[in-house]
Structure formats: structure tokens, C-alpha cells
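# Results of the structural survey
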Amino acid sequence: ELGGLSGVIADTDHKPLHGATVSVMGAGKSARTDSTGSFFIPLDAGQYMLRIERDGHVRQMMGVMIPQNEGRRIAAWLAPGKKTATDIMIGVR
């Protein structure tokens, strides 16, 4: 498939994380991972900031660039941990 962002989200033991949310900041788009930790978000070429989160894990932010006429595939790992007060406040917005 041309275009878009796909990838796999796993924990630090490299086990796929089901139900993690990948959000594209400022684009109003997000996806949840399936049982294999995989996701897909249809996006045009450009630069985006992603927020990756799942209950019981430390949230991760990452930038990604999707080239013209291509998709981008990423892999990310979430460490176990609790949300901090800052994470909770940001999540309320």
C-alpha cells in the first residue's frame, strides 16, 4: 500500500502490545494496535509527531517523516511504568 504510516509497537521484552494507541499530533488521527502490535494510519507525505501510549507503560513521543509516494514503517518499544502527574494532565486536554 502506498502512503501512510504503519508499524509495530512492542514492550521492552519485544512482545507485541495489543491496544496501544498511536496518535498523530495536530492531525486528529490515531490507531490502536491489534493482537500482533501492528497498526496503520493513512497519512500524506510530510513530517509528523507521534504519541504512543498504553496503560501500564511509559508514553513515548517520536517524530517521523513520510516520503512522497511512499509509506513509512516504524517500530517502537514501550517500557513498563506508571503515568506521571504530567502525563495525566496532558492527557486531559
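Okay, the sheet that holds strand E6 (residues 60-66) next. Taken together, the four strands give an open sheet; going across it, the order is E3-E2-E5-E6, and neighbouring strands pair in antiparallel fashion. Since the sheet does not close on itself, it has two edges, and those belong to strand E3 (29-32) and E6, each with one partner. The average angle at which neighbouring strand axes cross in this sheet is 25°, direction not considered. Note that strand E2 (residues 21-24) and strand E5 (residues 46-53) share four bridges and pair antiparallel. In the sheet register, Thr 21 faces E5, and the bridge partner there is Glu 53.

With respect to the helices, strands and loops of the structure, Thr 33 is situated in the loop between E3 and strand E4 (38-41). A distance of 2.5 Å separates the side chain of Thr 33 from the backbone oxygen of Leu 17, its partner in a polar contact. From its side chain, Thr 33 meets the backbone nitrogen of Gly 19 in a polar contact 3.0 Å long.

Here we take up the sheet that holds strand E1 (residues 5-11). On the basis of which strands lie adjacent, the open sheet formed by three strands has the order E4-E1-E7 and mixed pairing. Both outer strands of the open sheet, E4 and strand E7 (72-78), are each paired with one neighbouring strand and no more. On average, each strand axis in the sheet is inclined to that of its neighbour by 25°, with strand direction left out of account. Here four bridges tie E1 to E4, and the two strands are oriented antiparallel to one another. Bridge pairing in E4 links Gly 7 to Phe 39.

Rules used in this analysis
- Residues numbered from 1 in each chain as written.
- Predicted model: local features only at pLDDT ≥ 70, side-chain atom pairs only at ≥ 80, totals over all residues.
- Heavy atoms only, no water.
- Pairing = 2+ DSSP bridges.
- Helix = DSSP H or I, 4+ residues; strand = E, 2+ residues; numbered from the N terminus.
- Axes fitted to C-alpha atoms, helices over the stretch in contact; angles between N-to-C directions.
- Polar contact = N/O pair within 3.5 Å; in protein donor to acceptor, adjacent residues only side chain to side chain.

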